[in-house]
Amino acid sequence: MITFIKRKLNNNNNNNNFNNNFNNNFNNKEDDTPLPHDTPIPRPRPRPRPRPQPLLNVQDEKERINRSLSLYDAQKQLKKSYSNPNLKDFPDTKPTAKRATNKDKIEFLKEFSSQYGYNGKINAIRSNEYSHMKGAAYLDHSGSTIYAKSVLTSVCNDLSQNLFGNPHSDNPSSSLSSHRVSQTRSRILKHFNASPDDYEVVFTQNATAALRLVGETFPWVAGKSSFKYLRESHNSLLGIRSLAEAAGLNDITVILESEVEDLVNQKYQYTYIEDEEAEEDEEGEDEVVYSLFAYPAQCNFSGQRFPLNWTQKLKKNVDTLKSKHLVLLDAAAYAMTAMLSLANKETSPDFVAISFYKIFGFPTGLGCLLVKKELLPILRKRYFGGGTVRAVAYDRPWQRFNPSVSERFEDGTINFLDIIALNHAFNVHEQLYFKFSSIKPHVTSLIVFLSRRMRSFVHWNGVPVCEIYTEREFTDNIRQGPVINFNIRRADGSWVGTAEVERLASANGIHIRVGGHCNPGCIAKWVGITVDEIMDTYAEYGMVCGNGIDYINDKPAGGVRLSLGPMSTIDDVLAWLHFFKSYYVEGVASNDTKQSVHQQLSPIPKRQSLRNSASMQQLTQLTPKLSKKSSVPHLVYDVSDDSRTSIETPQTLTRKPSQTLTRKPSQTLTQPSQTLTRKPSKNSLRMNNHPSQRIYRSSELTRRSNVASAVNRVYL
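Predicted model only: the values in this text are computed from it and were never measured.

Re the overall build of the chain
Now for step 1: The helix and strand tally for the chain stands at 27 helices and 19 strands.
Now for step 2: Evaluated residue by residue, the chain yields a buried proportion of 48% over its 716 residues.
Now for step 3: Restricting to contacts in the chain with at least 6 residues of sequence separation, those with at least 24 account for 73%.
Now for step 4: Here the chain has roughly 37000 Å² of accessible surface; of this, 50% comes from carbon and sulfur atoms.

This is the structure we're talking about:
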């Protein structure tokens, strides 16, 4: 008894010592007293196990029809890449396709060696000046071309060795800035073969600001003037109609290319609304009414180029003494790869909008408006500020504008450092490509080869893989620029979402652009989406460019655009073609597969049991032959037109004595299709070790269905 009490007291003392030591260690982190080994340490409360996620129901599967598995996987990979600060270590940011094969290059160079590569200098230009493009296939030059490394070096040296001040002052640094700006203006006029006596350069923020400046200063006459613009115009040009409406115009019309030809050839019945009071006004009899016709030199959506002689024909055949047309040319997309000559003032446009980053890549945020000097007396400048005025009264509406066209319309301090950098961009561009006219044959050779290959791709059943949006031949570089816009079809005729294409291309290091490209007229022309459909979609979803809406009433909401630039190479084109063929071209089926199910299996009515049916016997006899000869991993069995469910089947199906079919546990439900395909090509199977192979399998599963719903019920 005494021994038991002593042991009990010792245990209590040990417990007290443990509690004291534990509290001391907790309160005083510097105390390193070890815990007794014979004292049990309380375990933390176990966390509850997460509940398993429920399986997707039928409704969820229906909602995922327009959102393929490949798009979902691509988004996950991109999210993972963005979260990694070291993007170059993430394999999916590099293209998986081989740049080019000897066979493809030999075939291309054999036909286009005289046009391509600037006499063999393209590889040296690409490696020395555009090393930052290494590991990427850049095919979005209509969005912005790429800057050369020598431009940045030259600009940095100039800015570090010279002192530039505000051009509105008269000190030495300001005088140097004014002199450099004047040199850049002369360089721009020289580039477009424009005489300084005929045209003036007005610097703007971009081409959009240049178009807006025309609408704000145009001499509209309410009720008499008209504004006409081509259907294929960018929405920046469409914005002028708001200014025309505010000026009281009643004749605002969008016209087609054929109607423009009728107009300039005097077949179009052009009328404007006369004001009865103005006819009786003697002072108004001598007034000249000016109307505006605006169009792009090259469509930014399809790359189609429009005649530059419309200006000459319009002024010759339509203008009268009392009614004249001024022409606004949007040359932002055209000037990147083609020469625009304004040598003849009588046949040249009155206004030309330019964006310089589309030509050189740098500097950005700089454009200009080329305007005829003879229009200065009729242009109406309303807002003024900074150097736009010579004198101004602070307490009454009196001011006197600067007599120079450029100084009158350039509000505030111009972006003089970027204007100085623009002169360096001109110098480097001439050094690299010698003549600007040599760019057109280079990009033409690439776009012709690319368009031929894209048109040659067909699925196993003869359905073209892509639908290209153009009416021109790509060999005609006068009427078609280096741009190809298209949408992709699966073998069953369904569309592939443009968002999926962009994300898969991004995961493979290919830079493209998809969507409506800010051109609603081309969306209506090529895709067939009406204005009412656009308005209804915006009211329901708030449709904007890039919000992931791929379809509007089963029509593509945009297109996939590939555009080439001066530094594009055949490797960029072949990288896209390899990617496109690997992901979106469904291969030719074998002869055994072609006998198929579509011919050998009789339709099964809805809700009819498949067990012991004649179609089941035919299916059982057909399956070993297909899996044995063709080894098709995903077969398509179209056994019912009314009820069709897709499942992923194994390569072989076995028959049990109980007359039921068994499958592997890994089979999963996929989306329905009507396509009969074979196993992926050898090129795609070589990508098994790459992370994007998982995207390939998912995208293939979305285009393959196998057995009807009756077979699925037997399996389950």
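Observations concerning the side chain of S302
Now for step 1: Inspection of the secondary structure puts S302 in the loop between β5 (289–296) and α13 (310–317).
Now for step 2: S302 sits in the buried class, given a relative accessible area of 1%.
Now for step 3: A distance of 3.4 Å separates a polar atom in the side chain of S302 from the backbone nitrogen of Q304.
Now for step 4: Residue contacts for S302: discarding those within four places in its chain leaves Y469, Q480, V483, N485 and W526.

What to know about the sheet that holds strand β17 (residues 559–563)
Now for step 1: If you trace the 4 strands from one edge of the open sheet to the other, you get β11-β12-β17-β14, paired in antiparallel fashion. Only two strands of the sheet have a single partner each, and these edge strands are β11 (466–468) and β14 (513–515). When strand polarity is set aside, the average angle formed by the axes of neighbouring strands in this sheet is 30 degrees.
Now for step 2: The sheet contact formed by strand β12 (residues 483–488) and β17 spans 4 bridges and is antiparallel. From the neighbouring strand, I484 faces β17, where its bridge partner is L562.
Now for step 3: On top of the sheet, helix α17 (residues 439–456) reaches β11, β12 and β17; it is set at about 15 degrees to β12, its chief contact.
Now for step 4: This element, helix α21 (residues 570–584), spans β11, β12 and β17 of the sheet and lies at about 10 degrees to β12.

Here's the deal with the nonpolar core
Now for step 1: The biggest cluster of nonpolar side chains holds 113 residues, and the ones touching the most others in it are F486, W576 and F580.
Now for step 2: Non-local contacts of F580, meaning those with residues more than four positions away in its chain, are made with M454, F457, V465, C466, F486, I488 and V585.
Now for step 3: A294, L328, L375 and I378 belong to the second largest nonpolar core, which has 31 residues in total.

Some words on the pairing of strand β8 (residues 367–372)
Now for step 1: Where burial is concerned, most of β8 is hidden: 6 out of the 6 residues are buried.
Now for step 2: Burial along β8 is two-sided: G367, L369 and V371 and C368, L370 and K372, pointing in opposite directions, are all buried.
Now for step 3: As paired strands, strand β2 (residues 199–204) and β8 are joined by 6 bridges and run antiparallel to one another. Its bridge partner being in β8, Y199 is matched across the sheet by K372.
Now for step 4: Strand direction decides the pairing type here: strand β7 (residues 351–355) and β8, joined by 5 bridges, are antiparallel. Bridge assignment links A353 to a residue of β8, and that residue is L369.

A look at the state of the cysteines
Covalently bonding the sulfur atom of one cysteine to the sulfur atom of another cysteine gives a disulfide.
Now for step 1: All chains considered together, the criterion is met by 0 disulfides.
Now for step 2: C522 supplies the cysteine sulfur nearest to C299, a cysteine that is in no disulfide, at a spacing of 3.3 Å.

Some remarks on the packing of helix α11 (residues 257–264) against α13
Now for step 1: Where α11 contacts α13, the two axes come as close as 8 Å, and the packing angle between them is 40 degrees. When the interaxial angle is binned, α11 and α13 end up oblique. Within the contact between the two elements, α11 uses E257, V260, E261, L263 and V264 and α13 uses W310, K313, L314 and N317.
Now for step 2: Classifying every residue of the contact of α11 with α13 by side-chain character gives 5 nonpolar, 1 polar and 3 charged.

Points about the packing of aromatic side chains
Now for step 1: One pass over the full model with this rule turns up 24 aromatic pairs.
Now for step 2: Ring centres of F486 and F580 lie 6.2 Å apart, and the angle between their planes is 85 degrees; this geometry places the pair in the edge-to-face category. A residue pair is termed long-range when its members are at least 10 positions apart, and F486 in strand β12 and F580 in helix α21 qualify at 94 residues. Just as F486 is buried, F580 falls in that class too.
Now for step 3: Judged by centre distance (4.9 Å) and plane angle (45 degrees), the ring pair of F579 and Y583 falls under tilted.

Details of the pattern of salt bridges
Now for step 1: A full pass over the atoms with the stated rule returns 25 salt bridges.
Now for step 2: Among the ionic pairs, E232 bridges to R231, the shortest N-O distance being 3.6 Å.
Now for step 3: Classification of R231 as partly exposed rests on a relative accessible area of 26%.
Now for step 4: Between R472 and E471 there is a salt bridge, with its nearest N and O atoms 3.9 Å apart.

Some remarks on empty space enclosed by the protein
Now for step 1: Applying the stated criterion across every chain, the model contains 6 cavities of 30 Å³ or more.
Now for step 2: In this structure, the largest cavity spans a volume of roughly 70 Å³.
Now for step 3: Y130, I146, A148, V151, I359, F360, A425, V428, H429, L432 and M567 together form the lining of the largest cavity.
Now for step 4: Elements that contribute at least two residues to the lining of the largest cavity include exactly α14 (357–360) and α16 (416–433).
Now for step 5: Per-element accounting of the lining of the largest cavity gives the leading share, 4 residues, to α16.
Now for step 6: Class assignment of the residues belonging to the lining of the largest cavity gives a composition of 10 nonpolar, 1 polar and no charged.

Focus: the sheet that holds β8
Within a sheet, each strand pairs with its neighbour through backbone hydrogen bonds, oriented either parallel or antiparallel.
Now for step 1: Spatial strand order, β2-β8-β7-β6-β5-β3-β4: 7 strands in an open sheet with mixed pairing. Looking at which strands have only one partner, the edges of the open sheet turn out to be β2 and β4 (251–255). Across the sheet, the mean angle separating the axes of adjacent strands is 15 degrees when strand polarity is ignored.
Now for step 2: As paired strands, strand β3 (residues 226–230) and β4 are joined by 5 bridges and run parallel to one another. By the bridge assignment for β4, L230 is matched with I255.
Now for step 3: Its contacts with the sheet place helix α7 (residues 172–191) against β2 and β8, and it is angled at close to 120 degrees to β2.

A look at the confidence of the model for the chain
Now for step 1: On average, residues of the chain carry a pLDDT of 76, and 64% of them reach 70 or more.
Now for step 2: Note that residues 84–100 has pLDDT below 50 and, in this model, 49 contacts with residues that lie over four places away or in other chains.
Now for step 3: Confidence over residues 271–284 falls short of pLDDT 50; this stretch has 13 contacts with residues more than four positions distant or in other chains.

Observations regarding the side chain of S445
Now for step 1: Assignment of secondary structure puts S445 in helix α17.
Now for step 2: Given the relative accessible area of 0%, S445 is considered buried.
Now for step 3: Separated by 2.6 Å, the side chain of S445 and the backbone oxygen of H442 make a polar contact.
Now for step 4: If sequence neighbours within four positions are ignored, S445 has contacts with F108, F112, Q115 and Y116.

Focus: the packing of helix α6 (residues 149–161) against α16
Now for step 1: Two elements in contact, α6 and α16, have axes separated by 9 Å at closest approach and are oriented at 135 degrees. As judged from the angle between their axes, α6 and α16 are oblique. Taken as a pair, α6 and α16 cross one another with a handedness that is right-handed. Every residue of α16 that contacts α6 at S150, V151, S154, V155, D158 and L159 is listed here: L417, I420, A421, H424, A425 and V428.
Now for step 2: Looking at the contact of α6 with α16, its residues break down into 8 nonpolar, 3 polar and 1 charged.

What counts, and at which threshold
- Residues numbered from 1 in each chain as written.
- Predicted model: local features only at pLDDT ≥ 70, side-chain atom pairs only at ≥ 80, totals over all residues.
- Heavy atoms only, no water.
- Helix = DSSP H or I, 4+ residues; strand = E, 2+ residues; numbered from the N terminus.
- Buried < 20%, exposed > 50% of the residue type's maximum accessible area, 1.4 Å probe, protein only.
- Contact = heavy atoms within 4.5 Å.
- Areas by Shrake-Rupley, 256 points an atom, 1.4 Å probe, with all protein chains shown as cover.
- Polar contact = N/O pair within 3.5 Å; in protein donor to acceptor, adjacent residues only side chain to side chain.
- Pairing = 2+ DSSP bridges.
- Axes fitted to C-alpha atoms, helices over the stretch in contact; angles between N-to-C directions.
- Core = buried A, V, L, I, M, F, W, Y, C linked by side-chain atoms within 4.5 Å.
- Disulfide = S-S within 2.5 Å.
- Parallel < 35°, antiparallel > 145°, perpendicular 65-115°, else oblique.
- Nonpolar A, V, L, I, M, F, W, Y, C, P; charged D, E, K, R; others polar.
- Phe/Tyr/Trp six-rings, centres within 6.5 Å; stacked < 30°, edge-to-face > 60°.
- Salt bridge = Lys/Arg side-chain N within 4 Å of Asp/Glu carboxyl O.
- 1 Å grid on protein atoms, 1.4 Å probe; cavity = no way out; pocket = protein on both sides within 12 Å on 5 of 7 lines; lining within 4 Å.
- Points joined across faces, edges and corners; volume = space filled by probe spheres on them.
- pLDDT = per-residue confidence, 0-100.
- Left-handed = near helix turned anticlockwise from the far one by under 90°.

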